[in-house]
Structures are given as structure tokens and as C-alpha cells.
Amino acid sequence: MAPAFDISLDSLRARSVAAPNAAERGASDASAPTGGTFFLETFGCQMNDHDSEKVAGVLLSRGYQQVDSPDSASLILYNTCSIREKAAQKVFSRLGEYRTRQRDGQIIGVLGCLAQQEGEEIFERAPWVSLVCGSASYRKLPELLAELEAGNRRVTGLDTDTDETFETEITRRDNPWRAYLTIIEGCDKSCAYCVVPYTRGPERSRASASILSEVRQLADLGYSEVQLLGQTVNSYADPSKSRVRFSDLLLTVADVPGIRRVRFTTSHPRDFTPDIVTAIESQPKLCNHVHLPVQSGSDRVLAAMQRSYSRDEYLDKVAVIRGAKRPISITTDIIVGFPGETESEFEQTLGLLDAVRYEGVFSFKYSPRPNTASLAMSETVSEEEKGRRLAALQERQRRIQAEHNATFLGESFELMVSGKSRRENQWSGHTTCNRVLNFASQSRELLGTYVQVRVTNVGPSSLVGEHVA
Ligand code: 5AD
Ligand code: SF4
């Protein structure tokens, strides 16, 4: 894959995807080239990765060039995450490096969730920062950049009160085969522990026609896999007259000629309806993987977390997925040590792992966050105990995954090849159920192609195979 900074604007214009109304909004006001250079580092989730691709597009349109080191950049941007305290600390420590390193005239900007969360406080903690902009204000980036270029040294975009989504004329995508596409921004759920509704603002969906026109252009440009993104992707509510349902949107995207795989993440259990499973059953291009965060296996904790479903309601959704005509992988997110979580409530979460037998689990220690409801709840689980619960959960899941993996031995899968190892003849790719497989092949060039691979070796967390001609 070509490194980001190798990509020129001209080649991007050829590969760019114009969002239909971006120009009207001035999102790509490519006035006189600035001749500046920018370095952009991204922390956090796939939504942030994709936001950065769009931010890079806005900057390239303004005549900036992307560089691979902050030292040689006139504009240094951090697209930040604040989901857990550790993520936020990491950003502040990165910013701290600039107290001494900042070169004359270098402009430093903080984007994303931490920018929204801390707002102008960032100027207090790191006075060398000039731009603070949350994701709900990215539409204003061209104006904010113009202010910076005019010499303004304190520029903010911190409004979250918006019903618009961030669409750009140019998106500088990192991956040449798999394209991310945000279909819904923000979040209207109010999980007690989560900063996202605060940092990303209210839920707003993108018009279905705009999504489809971008998917068609992506297919024309050679992308064969699209991944539809949203904090609660399946809460998608088409704002246009056609009111396309999420499951119908999936099917329509899959019908676009040239598209071979469609993924979507993250699904919220409350809005996970059986028609989504029916769509996956009927259309093999819809990848057979659902990421369905459960967070806890205890009804009391789920209620305290304001997750809006019970353990049984969640298990009913899982039963529909497991009952599908073709196997669908389920992965999840779990938080351990939520305020008040008792040992027996934690054991109910362990029991849920056995009941669902997830194909993958992302697990986290509860981290109190500003502007969340759970901040007011007193923490009852020590850091040490959170660590113990996390390790116990991961061990239980490791065993389940090892059992899953053992069943794959000798099976063949179609992979989309996305990685080439430094070791000769070694490649890697994803199955439709989003498993990574490392495999050997004598072929000279496989990147971006689809190949059949037979699993020859399995470990608890890895699968190894060989190319089947
Ligand atoms: N503490 C720990 N984990 C959290 N997550 C979200 N907020 C917190 C928090 N305050 C986890 C949830 C979510 C995932 C993206 O991050 O499990 O699904
Ligand atoms: Fe956060 Fe809950 Fe919204 Fe997910 S659904 S982003 S966990 S508030």
C-alpha cells in the first residue's frame, strides 16, 4: 500500500469521490494553493480513521501537501480519541512533546473527540496549540484553515448542535481496496459511561442517494469492498423522502456493480432487527459478520449503563443471527468493573460468553469519563480487581476462540488480500467473517485480489493457510 504522503492531489482528483453537495457547502474551497505541508496523526476508532481521510482531502484541496513527519510540516494535526482516559492521556503526552520541539511558525491543531471534550481548556494546557475542532464542526474546516492562514492564533470549531454530516469533495483514502463510508454520525443513545454523544453530537444520517452515488464512484475507481460506518450504524434513518431502511440500503449497496463485499459497524442491539439477518442471508456480498456490543451480561448492570435492552432481549437477537441460513460471526465489546458491578454480576458476563460463543471480544476496564452519567456513580471496583476481571474474561474468551479456530482446520475461505509480509511469499487477508488469515503463496502480486486459502494451522488467536490455486 502506498504511504499517505506519496499521494499527490492530481492522482487523487482522478481517484476522488465527490459528495454531491460538498461544493455548495464550500467544503472544498480550493482557493489559491497555500504551499503548506501537513502531518496528520490519528488516534482511536475507524470513524476517526475515516474522518482523517476526509480532513486530509480538505487540506489537499487547499493546496497543502501531506508529509510523513511532524518535523517537516507547517501544520501538525492530531485527530484524537477520548473514549477512555488512557486514550486522552496519550494525546496530551504527544502534545507535550511540542512544548520544546515546536519550530517557528509551525501550527498545531487538535481535532476529534478530545478537542470537543476539552474545548478551549486545551489552549490552557498546551498554549502552543492554535486549532481545536470537534468532529461535528468539520464542515467548517475550510473557514478555520483560512483563519489560521490569515495569522489567527486561536481558532475553534466546537459546535455540536448540527443536523449536517461531513461530506468532502476529495477523500484521501488510506486503503486502495476497502473504502470506509460514514452513513450516520453522532449518537442519540445515552449509555451512562460513554462520551460519544457529547463529543460527536446528535445522531444524523446521510441521504441514501448520496451514499449510493459515492459507492458507485468508489466501484468505478476499483474499490471492491465498502465498510459502512456509524457509532450505531443500524440506527440509520434516511433523511430523504425515500426513507430507505438500513437493511434495504445494505442490499442496494451490494447491488452496485463492482462491489464484492459490504461490511457495516457498529450495530446497536436495540436497533438490530431480523430484516438485517434476512438481508445477509439473501445476499452473499453482505459480509457474514455482525459486531454487536453487549457491554455486560447482567440485567442490573445493563440497566445502570442505560443500554436499553436486557440480557434475554440481547440473547434473542443472537438467536436470530445464529439461526441464519449461513453462519454469521458475532463479535462484541464488554466493559468490566462498571460502578457497582459485583462478582456475581461479572460472572453473569462470563456466562454470557459461554452462551453466545463469540468469534471475537474487545474488552475494556471501565474508565470514568467527563460529561457522562456514570461519573456521578461511586466507583466500587478497584483498578486491581478490574484487571483481574479483565484477565479472567479474556482467558475464558481465548478458550472459546481456540475451539472455534480448531473447527477451521482444513477448511477453505475466500480472502481479500490486504497485506504482504516482509517474509517472502507470505500474505494476509480477511475472510468475509472478518477473520485474518496469514498464508503462503508463490504468486507475485496478490494485493487487492480475492483468493481461496485453505487453513493448515490454527492457534488460539491466529489462522495460517496456503493459497489454493
Ligand atoms: N470505559 C471503558 N470502556 C468504554 N467504552 C466506551 N466508553 C467506555 C468507558 N468509559 C467501550 C465500550 C464501547 C467501546 C467502543 O468502548 O465497550 O463499545
Ligand atoms: Fe457510546 Fe452507547 Fe452511543 Fe455506543 S451507543 S457510541 S456506547 S452512547
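Bear in mind that the values here come from a model prediction, so they are computed numbers and not experimental data.

Peer 1: Explanation requested: the site of ligand 2 in the structure shown.
Peer 2: Taken together, the neighbourhood of ligand 2 is formed by Cys 187, Lys 189, Cys 191, Tyr 193, Cys 194, Val 196, Pro 197, Gln 231, Thr 232, His 268 and Arg 307. The residue makeup of the shell around ligand 2, split by class, is six nonpolar, three polar and two charged.

Peer 1: Before we go on, may I ask you to explain the site of ligand 1 in this structure?
Peer 2: Around ligand 1, a shell composed of Ile 83, Arg 84, Tyr 193, Gln 295, Asp 333, Ile 335, Phe 364, Lys 365, Tyr 366, Ser 367 and Arg 369 is seen. Take Arg 84: an N or O atom from its side chain is 2.9 Å from an oxygen atom of ligand 1. In the environment of ligand 1, an oxygen atom lies 2.7 Å from a nitrogen or oxygen atom belonging to the side chain of Gln 295. Protein chains shield 86% of the accessible area of ligand 1, which is 400 Å² for the free molecule. Looking at the shell around ligand 1, the elements that each hand over two or more residues are strand 13 (329-336) and strand 14 (360-365). Residue composition of the shell around ligand 1, grouped by class: five nonpolar, two polar and four charged.

Peer 1: Quick question: what am I supposed to make of helix 7 (residues 141-149) here?
Peer 2: Given 3.6 residues per helical turn, the α-helix brings residues three or four places apart onto the same face. The complete set of buried residues in helix 7 reads Leu 141, Pro 142, Leu 144, Leu 145 and Leu 148. Projected down its long axis, helix 7 carries its buried residues within an arc of 160°, all on one side. Residues of helix 7 that are buried in the fold lie against helix 2 (46-61), strand 3 (75-80), strand 4 (107-111), strand 5 (129-133) and strand 6 (155-157). Count one or two residues on from helix 7 and you reach Gly 151, which has phi positive near 105°.

Peer 1: Help me understand helix 14 (residues 343-356) in this model?
Peer 2: Helix length check: helix 14 (14 residues) gives 20 Å between terminal C-alpha atoms against 20 Å at 1.5 Å per residue, within 8%. Residues of helix 14 that are buried include every one of Glu 345, Phe 346, Thr 349, Leu 350, Leu 352, Leu 353 and Val 356, and no others. Each buried residue of helix 14 lies within a common arc of 155° when the element is viewed along its axis, so the set occupies one face. The inward-facing, buried residues of helix 14 contact helix 12 (299-304), helix 13 (311-322), strand 13, strand 14 and helix 15 (383-406). Looking one or two residues beyond helix 14, the residue adopting positive phi is Arg 357, at roughly 55°.

Peer 1: Please clarify how the sheet that holds strand 4 should be interpreted in this entry.
Peer 2: Sheet strands pair via backbone hydrogen bonds, and the direction of the pair is either parallel or antiparallel. What the six strands build is an open sheet, ordered 2-1-3-4-5-6; its pairing is parallel. The sheet is open, and its two borders are formed by strand 2 (65-66) and strand 6, each paired with just one other strand. Against the sheet, helix 3 (residues 85-96) touches strand 1 (37-42), strand 3, strand 4 and strand 5, its axis set at about 170° to strand 3.

Peer 1: What's the story with the pairing of strand 7 (residues 178-182) in this structure? I'm lost.
Peer 2: Across the five residues of strand 7, five count as buried, placing the element largely inside the fold. Covered by surrounding structure in strand 7 are Arg 178, Tyr 180 and Thr 182 together with Ala 179 and Leu 181, the residues of both alternating faces. With five bridges joining them, strand 7 and strand 10 (residues 225-229) adopt parallel strand pairing. Bridge pairing in strand 10 links Thr 182 to Leu 229.

Peer 1: For this particular structure, what's the right way to read the nonpolar core?
Peer 2: Counting residues in each nonpolar core, the largest one holds 52 residues, and the members touching the most others are Ile 183, Leu 228, Val 262, Phe 264 and Tyr 358. If we skip the residues at most four places from it in the chain, Tyr 358 touches Val 294, Tyr 314, Arg 322, Ile 330, Thr 331, Thr 332, Leu 352, Leu 353, Gln 397, Ile 400 and His 404. In terms of nonpolar packing, the next biggest core, distinct from the first, is built from 23 residues, Ala 73, Cys 81, Leu 95 and Ala 126 among them.

Peer 1: Honestly, the packing of helix 14 against helix 15 in this entry has me stumped. Any pointers?
Peer 2: Packed helix pairs are characterised by how far apart their axes lie and by the angle those axes make with each other. At a minimum axis separation of 10 Å, helix 14 and helix 15 run at an interaxial angle of 15°. Judged by the angle between their axes, helix 14 and helix 15 are roughly parallel. For the pair helix 14 and helix 15, the crossing hand works out as right-handed. For the pair helix 14 and helix 15, the contacting residues are Glu 343, Phe 346, Thr 349, Leu 350, Leu 353 and Asp 354 in the first and Glu 385, Arg 388, Arg 389, Ala 392, Leu 393, Arg 396, Gln 397 and Ile 400 in the second. For the contact of helix 14 with helix 15, the per-class residue count stands at six nonpolar, two polar and six charged.

Peer 1: Would you mind showing me how to read the pattern of salt bridges here?
Peer 2: Should the charged atoms of two oppositely charged side chains come close, the side chains can pair. Taken as a whole, this structure holds 34 salt bridges when the rule is applied. In this structure, the salt-bridge partner of Arg 261 is Glu 414, at a minimum N-O distance of 3.7 Å. Here the residue Arg 261 occupies a position in strand 11 (residues 261-265), and Glu 414 occupies one in strand 15 (residues 412-420), the gap between them amounting to 153 residues. For Arg 261, a relative accessible area of 2% puts it in the buried group. Judged by its relative accessible area of 32%, Glu 414 falls in the partly exposed class.

Thresholds applied
Residues numbered from 1 in each chain as written. Chains lettered and ligands numbered in written order. Predicted model: local features only at pLDDT ≥ 70, side-chain atom pairs only at ≥ 80, totals over all residues. Heavy atoms only, no water. Near = heavy atom within 4 Å. Nonpolar A, V, L, I, M, F, W, Y, C, P; charged D, E, K, R; others polar. Polar contact = N/O pair within 3.5 Å; in protein donor to acceptor, adjacent residues only side chain to side chain. Areas by Shrake-Rupley, 256 points an atom, 1.4 Å probe, with all protein chains shown as cover. Helix = DSSP H or I, 4+ residues; strand = E, 2+ residues; numbered from the N terminus. Buried < 20%, exposed > 50% of the residue type's maximum accessible area, 1.4 Å probe, protein only. Arc of directions from axis to C-beta. Contact = heavy atoms within 4.5 Å. Expected span 1.5 Å × (residues − 1). Pairing = 2+ DSSP bridges. Axes fitted to C-alpha atoms, helices over the stretch in contact; angles between N-to-C directions. Core = buried A, V, L, I, M, F, W, Y, C linked by side-chain atoms within 4.5 Å. Parallel < 35°, antiparallel > 145°, perpendicular 65-115°, else oblique. Left-handed = near helix turned anticlockwise from the far one by under 90°. Salt bridge = Lys/Arg side-chain N within 4 Å of Asp/Glu carboxyl O.

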